[in-house]
Amino acid sequence: MADTALISPLSHTADRLAAATRSSGGAVRLAELPFLAQVNVRLDAKGAAAEAVGLALDLQLPLQPNSAVRAGELTALWLGPDEWLLVGPPGGERALERRIREAAGDEPVSVTDVSAQRTTLLVTGPRARDLLAHGCPLDLHPRAFGPGRCAQTTLGRTQVVLVARDEPRAGFWVLVRSSFAGYLADWLLDAATEYI
């Protein structure tokens with residue numbers, strides 16, 4: 001019988017990420033947050049479905065470009081005028097999908113579980129912004145990309161969704177396609193040698 005246990009895209013890199021974190025003396029922390037629930041939602045931001053979904057999730061979908069809103073364990077990322085990515089705890093994707101569909105009722109809405117598409121790297125520490133700035137074209141200064149901001153961008157030539165977490169010292173989430181996760185982890189580890 002085949003082993004059906006889930007293996008994260010960066011399971012083979014966990015020891016190296018932990019070693020870099022230890023070697024940096026707290027300057028940077030690198031870790032994978034595997035298997036987060038990720039549900040892509042498309043709907044009319046001004047329609048009845050948007051309000052109903054917001055009420056059902058106890059989280060208003062952000063309407064400001066490149067913003068993120070968090071309520072409890074759920075975070076909504078603005079990806080476009082009619083598109084959001086909802087990120088929640090591992091294993092919650094089916095329930096999240098169901099809640100959105102039920103709330104939208106007969107209103108037009110697209111709900112897609114994309115949890116297996118990406119993994120999430122956590123980048124924190126006092127030098128996290130400096131580390132990310134090595135390979136990201138965005139202005140990552142807190143005035144331009146402070147807590148509660150997100151963007152689809154590139155990091156080390158890899159397409160990512162970058163999220164500045166809104167919790168104190170929470171750092172950044174880097175959502176990267178699973179097929180590019182190993183490359184991006186290697187890139188981050190190489191760039192982090194400056195702080196080790």
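In what follows, the structure referred to is the one given above.
Values in this document were obtained by computation on a predicted structure and should not be read as measured data.

A.B. asks: A description of the nonpolar core should follow, citing residues and the corresponding values.
C.D. replies: Among the nonpolar cores identified, the biggest contains 31 residues, and Leu131, Leu132, Leu155, Val174, Leu184 and Leu188 are the most heavily contacted of them. Looking at this core, the elements that each hand over two or more residues are helix H1 (14-23), strand S7 (118-124), helix H4 (128-133), strand S8 (149-155), strand S9 (158-164), strand S10 (172-177) and helix H5 (178-191). At seven residues, H5 tops the list of elements feeding residues into this core. With near-sequence residues (within four places) excluded, Leu184 lies in contact with Leu121, Leu155, Thr158, Val160, Val174 and Val176. If you look at the next biggest cluster of nonpolar residues, it comprises 18 residues, including Leu43, Leu61, Trp78 and Leu86.

A.B. asks: Could you give me a rundown of the pairing of S10, with the residues and numbers involved?
C.D. replies: Within S10, five of the six residues are buried, which leaves it mostly tucked inside the rest of the structure. Bridge count for S7 against S10 is six bridges, and the pairing is antiparallel. The residue of S10 that forms the bridge with Val123 is Phe172. With five bridges connecting them, S9 and S10 associate as antiparallel partners. Among the inter-strand pairings, Val161 is bridged to a residue of S10, identified as Leu175.

Rules behind the numbers
Residues numbered from 1 in each chain as written. Predicted model: local features only at pLDDT ≥ 70, side-chain atom pairs only at ≥ 80, totals over all residues. Heavy atoms only, no water. Core = buried A, V, L, I, M, F, W, Y, C linked by side-chain atoms within 4.5 Å. Buried < 20%, exposed > 50% of the residue type's maximum accessible area, 1.4 Å probe, protein only. Helix = DSSP H or I, 4+ residues; strand = E, 2+ residues; numbered from the N terminus. Contact = heavy atoms within 4.5 Å. Pairing = 2+ DSSP bridges.

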